[in-house]
Amino acid sequence: MTSASPAAASLAAALDQIRAIVGPNGLLTAPEDMAPYLSEWRGRFKGNSPAVVRPASTEEVAAVVRICAEAGIPVVPQGGNTSLVGGSIPYEEGREIVISLSRMNRIRGIDTLNYTMTAEAGVVLKTAQEAAKDKDRLLPMSLGAEGTCQIGGLISTNAGGINVLRYGNMRDLVLGLEVVLADGRVWNGLRSLRKNNTGYDLKHLFIGAEGTLGIVTAAVLKLYPRPRQAETAFIAVPSPAAAIELLARLREASGDAVAAFELMSRRCLEFALKHVAGTIDPLSEPSPWYVLTELTAGTQSDAFRETVEAALGEAFEAELATDATIAQSETQANQLWFIREAIVEAQKFEGGSIKNDVSVPVSRVAEFIERAEAAVAAACPGIRPTPFGHVGDGNIHFNLSQPVGADTAAYLARWDEICHVVNEVIFDLDGSISAEHGVGRFKKDEMPVIKSPVEFDLLRAMKAALDPKGLLNPGKMLP
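Everything numeric here is computed off the predicted structure, so don't read it as measured data.

Q: Just checking my understanding: could you explain the overall build of the protein for this structure?
A: The secondary structure content of the protein amounts to 17 helices and 19 strands. The C-alpha radius of gyration of the protein comes to 23 Å, within 12% of the 23 Å expected for a compact globule of 479 residues. Counting all 479 residues of the protein, 53% fall into the buried class. Considering only contacts in the protein between residues 6 or more positions apart, those separated by 24 or more positions represent 73%. Accessible surface, the protein as shown: approximately 20,700 Å² in total, 51% of it carbon and sulfur. Distance between charge centres in the protein, computed from 45 positive and 58 negative side chains, equals 6 Å.

Q: What is the right way to look at the packing of aromatic side chains in this model?
A: The description of an aromatic ring pair rests on the distance of the ring centres and on the angle between the ring planes. Counted under the stated rule, the structure contains 6 aromatic pairs. Measuring from ring centre to ring centre gives 6.4 Å for Phe45 and Phe442, while their planes differ by 65°; the resulting arrangement is edge-to-face. Pair noted here: Phe45 is in the loop between helix H2 (31-34) and strand E2 (52-53) and Phe442 is in the loop between helix H15 (415-428) and helix H16 (447-450), with a separation of 397 residues, a long-range link. By relative accessible area, Phe45 is classed as buried at 10%. Owing to a relative accessible area of 18%, Phe442 belongs among the buried residues under this scheme. Put simply, the rings of Phe45, Trp415 and Phe442 touch in pairs and so form one group of aromatic residues. One cation-aromatic arrangement involves Arg441 over Tyr91; the distance from NZ or CZ to the ring centre is 4.1 Å.

Q: Help me understand the pairing of strand E3 (residues 75-78), please; the structure alone is not making it clear to me.
A: Regular strands place their side chains on alternate faces of the sheet. On E3, burial covers both faces: Val75 and Pro77 on one face and Val76 and Gln78 on the other are all buried. Relative to strand E4 (residues 97-100), E3 is paired through 4 bridges, and the arrangement is parallel. Bridge assignment links Gln78 to a residue of E4, and that residue is Ser100.

Q: Before we go on, may I ask you to explain the sheet that holds strand E5 (residues 107-111) in this structure?
A: Strand pairing in a sheet relies on backbone hydrogen bonds, with the paired strands running either antiparallel or parallel. Taken in spatial order, the 5 strands of this open sheet run E5-E6-E10-E8-E9, and their pairing is antiparallel. Each end of this open sheet is capped by a strand with a single partner; those strands are E5 and strand E9 (186-189). Taken pair by pair, the neighbouring strands of this sheet meet at an average axis angle of 10°, ignoring direction. Note: strand E8 (residues 174-180) against E9, 4 bridges, orientation antiparallel. Across the sheet, Val179 pairs through a bridge with Trp187, a residue of E9. Against the sheet, helix H3 (residues 58-71) touches E5, E8, E9 and strand E10 (215-222), its axis set at about 45° to E8.

Q: When you look at the sheet that holds E4 in this model, what are you seeing that I'm missing?
A: Pairing within the open sheet is mixed, and its 4 strands lie in the order E1-E2-E4-E3. At either margin of the open sheet sits one strand with a lone partner, and together these are strand E1 (27-28) and E3. Sheet topology note: the E1/E2 ladder contains 2 bridges and is antiparallel. Bridge pairing in E2 links Leu28 to Val52.

Q: Help me out: how do you make sense of the UniProt feature "domain: FAD-binding PCMH-type" (unreviewed entry) in the protein in this one?
A: Residues annotated by UniProt as "domain: FAD-binding PCMH-type" (unreviewed entry) correspond here to residues 45-226. End C-alpha atoms of residues 45-226 are separated by 39 Å, and the span's content is 23% helix alongside 24% strand.

Q: How should I be thinking about the side chain of Glu436 in this particular structure?
A: Along the chain, Glu436 falls in the loop between H15 and H16. Despite being buried, Glu436 has no salt bridge partner; Arg340 is the closest side chain of opposite charge, sitting 5.9 Å away. Polar contacts involving the side chain of Glu436 include one to the main-chain amide nitrogen of Gly161, which spans 2.8 Å. Discounting chain neighbours no more than four positions away, the residues touching Glu436 are Thr157, Ala159, Gly160, Gly161, Asp357, His390, Asn395 and His397.

Q: Is there a simple way to think about unusual backbone geometry in this case?
A: Excluding glycine, most residues fall at negative phi; most peptide bonds, likewise, are trans. One non-glycine residue, Glu319, lies in the positive phi region at around 60°. Within the secondary structure layout, Glu319 lies in the loop between helix H11 (302-317) and strand E15 (323-326). What makes Glu319 exposed here is its relative accessible area of 63%. Phi angles above zero are rare outside glycine, and Asp430 is one such case at about 55°. In this structure, Asp430 sits in the loop between H15 and H16.

Q: Sorry, what's going on with helix H1 (residues 6-22) here?
A: Structurally, the α-helix is built with 3.6 residues per turn, so residues lying three or four positions apart point the same way. In a regular helix each residue adds 1.5 Å, so 17 residues correspond to 24 Å; H1 covers 24 Å between its end C-alpha atoms and thus fits that length. Of the positions making up H1, those classed as buried are Ala14, Leu15, Ile18 and Val22. Relative to the axis of H1, the buried residues are bounded by an arc of 105° and lie together on one face. Residues Pro6 and Ala20 are exposed on H1 and point more than 90 degrees away from its buried face. Summarising the contacts, the buried residues of H1 are in contact with E1, E2, H3 and E4.

About the criteria used
- Residues numbered from 1 in each chain as written.
- Predicted model: local features only at pLDDT ≥ 70, side-chain atom pairs only at ≥ 80, totals over all residues.
- Heavy atoms only, no water.
- Helix = DSSP H or I, 4+ residues; strand = E, 2+ residues; numbered from the N terminus.
- Rg over C-alpha atoms; globule rule 2.2 N^0.38 Å.
- Buried < 20%, exposed > 50% of the residue type's maximum accessible area, 1.4 Å probe, protein only.
- Contact = heavy atoms within 4.5 Å.
- Areas by Shrake-Rupley, 256 points an atom, 1.4 Å probe, with all protein chains shown as cover.
- Lys, Arg positive; Asp, Glu negative; His and termini not counted.
- Charge placed at Lys NZ, Arg CZ, Asp CG, Glu CD.
- Phe/Tyr/Trp six-rings, centres within 6.5 Å; stacked < 30°, edge-to-face > 60°.
- Lys NZ or Arg CZ within 6 Å of the ring centre and 35° of its normal.
- Pairing = 2+ DSSP bridges.
- Axes fitted to C-alpha atoms, helices over the stretch in contact; angles between N-to-C directions.
- UniProt positions renumbered as here; feature names shortened; annotations may be inferred.
- Salt bridge = Lys/Arg side-chain N within 4 Å of Asp/Glu carboxyl O.
- Polar contact = N/O pair within 3.5 Å; in protein donor to acceptor, adjacent residues only side chain to side chain.
- Expected span 1.5 Å × (residues − 1).
- Arc of directions from axis to C-beta.

So this is what it looks like as structure tokens:
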């Protein structure tokens, strides 16, 4: 009988050690048990792994990482696995162990006077939102996957969402972190201070690092007062340029009370009306473009609604808007927001869709959409752009549905080519090819192109310093 190779024997020994730490329920090796952890929900990335480890504490994470470091086994940290760029999926060769943080799901505390929450990495965003609400506080991070995505993943990708305009990205919501380093040591930076000028602010190294520098196990997050009034409006606008001007006027008129400002094309709405039950067309006449916006106030008053109505009235006079409806109840507001959510789901029914998550300065959003639509139409006649997104912060989901009747496989095979066409416009406008989904596997080869040599050298130097063996999420972010 042939003996196991040294690598296989080392792996088996490491898994035995890990099983002793996390228990039988914390180590998955059966293919059917591991399957949900090895495929991205969109299906673009599928990997293999000898095991999925599910530690239940920071101490267990540290011990597992220490064992893997000593054995030279690479690891892939994973949160809710809602990534769109393959950042949480191991490679096909099956060398990497997946470390899922899903069992680390405790909210360690809420300080209502300091307006902070301390939560473990595996806490689902919706759970954290509800916990804050129970204490009459607001955790403003909000996005479509909030029922699945986890705090650690949101931090590791510096997630955005619909409220970035008012409250900032995840980076702006983090006060402190607890991180397991590549050698298994634990950095406890769970400080709840808003002012701390005692050297380098280490937490920012790990926010947006996609698990390549350390594994986030817990965080101190900022909370805010809960709004007492929200005014949600669905507005017809003649163009993206009009929408951006409308945004500026609403911010000025309301004292910067605009919490969310979403742009969508008529094609987006038509897709949703056609394919997603429960979607409504809120206005009597079609418009080429729409804005869905929400403004919030700390107190309930008729004056706030009157301010919003007056600002919209001025927009009509300036021909920045042609029609609008303001929700009269929370139910109506939810109906309007359902349109935004339905747009994402509806696109899959129109065949292949090439996704672009990009950003430009807010003042250049209209220029980007015009130039990018012309560029992709020239490259692929009949292509159907469906731009939508959080344009209040310059983020456009510039998705591209296949031409009617086109072969889906042949169209999707042009993904890199079409994205390069879009990226050329982005580069020219000083934008970013990844606004909120991260780099992962999908966009890593673009990093030397979009980063200056000096910037790229700095990124690689940080990786070498914090993960000298290259065992943390290898092959992600940096080529």
